[in-house]
Amino acid sequence: MIRIGIVVGSTRPGRNAENVARWVHDLAAKRGDAEYEVVDLREFGLPHLDEAVPAAMGVYEHPHTRAWAAKVATFDGFVFVTPEYNSSFPGALKSGLDFLHAEWTDKAAGLVSYGVDGGVRAAEHLRQVLGRLKIADVSGQVSLSLFTDFEDMTVFRPAAHHEDKLDAMLGQVVSWSAALRPLRAA
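What you see is a predicted model; the values in this text were computed from it and never measured.

**Some thoughts on unusual backbone geometry**
Okay, step 1: A positive phi angle is found at Ser87, which is not glycine, with a value near 70°.
Okay, step 2: Residue position: Ser87 is located in the loop between β3 (77-83) and α3 (91-98).
Okay, step 3: Ser87 sits in the partly exposed class, given a relative accessible area of 41%.
Okay, step 4: In the Ramachandran plot, Met153 falls in the positive-phi region, its phi being about 60° despite a non-glycine side chain.

**Observations regarding the pairing of strand β1 (residues 3-8)**
Okay, step 1: With five of its six residues buried, β1 lies for the most part within the structure.
Okay, step 2: Relative to strand β2 (residues 35-40), β1 runs parallel, the two sharing six bridges. Residue pairing across strands places Ile4 opposite Tyr36, the latter belonging to β2.
Okay, step 3: You can see the chain leave β1, run along helix α1 (residues 17-29) and come back into β2, and the turn it takes is right-handed.
Okay, step 4: With five bridges joining them, β1 and β3 adopt parallel strand pairing.

**So, helix α2 (residues 63-73)**
Okay, step 1: Along α2, the positions that sit buried rather than exposed are His64, Thr65, Trp68, Ala69 and Val72. End-on, the buried residues of α2 take up no more than an arc of 130°, which puts them together on one face.

Quick notes on the rules
Residues numbered from 1 in each chain as written. Predicted model: local features only at pLDDT ≥ 70, side-chain atom pairs only at ≥ 80, totals over all residues. Heavy atoms only, no water. Helix = DSSP H or I, 4+ residues; strand = E, 2+ residues; numbered from the N terminus. Buried < 20%, exposed > 50% of the residue type's maximum accessible area, 1.4 Å probe, protein only. Pairing = 2+ DSSP bridges. Right-handed = clockwise from strand over helix to strand, strands pointing away. Arc of directions from axis to C-beta.

Structure below.
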């Protein structure tokens, strides 16, 4: 069965990403077309990139990198949940991506972003990085507004229409993950 990791892309205290990721997981789990798991960057304690050898070489010195690599390698695709910070995505997510290389290659990804304008600038910046890592990002996307999908910008209360967008995006991630499987096997 296809396995999809739902990556909590923020580690900051008081973050909304954890609640958004749980919402994604709860709706995804009802689909029955894949196994979905929330993967919280905070739990891996990744520092700023501290590996001496470039990730493309696949030589990981530190236990935190090896644990992160082992987790990421178990998935066929991803949903990245990211806030927008200063027109981009969080440094912790960038660092988490930079730690690895082969573990990302030829996998699919969908994006769920949030911010004052739905996090669209963070999502577009993230797409550029994913492309460089050979992660195929799907066109479907969920963009959540801090003004309309959160009460007081902190309590997550998504508008109902986001469920259809999420469902469509998940369908794309699952089908692309399956289609890329032969490339990963080679």
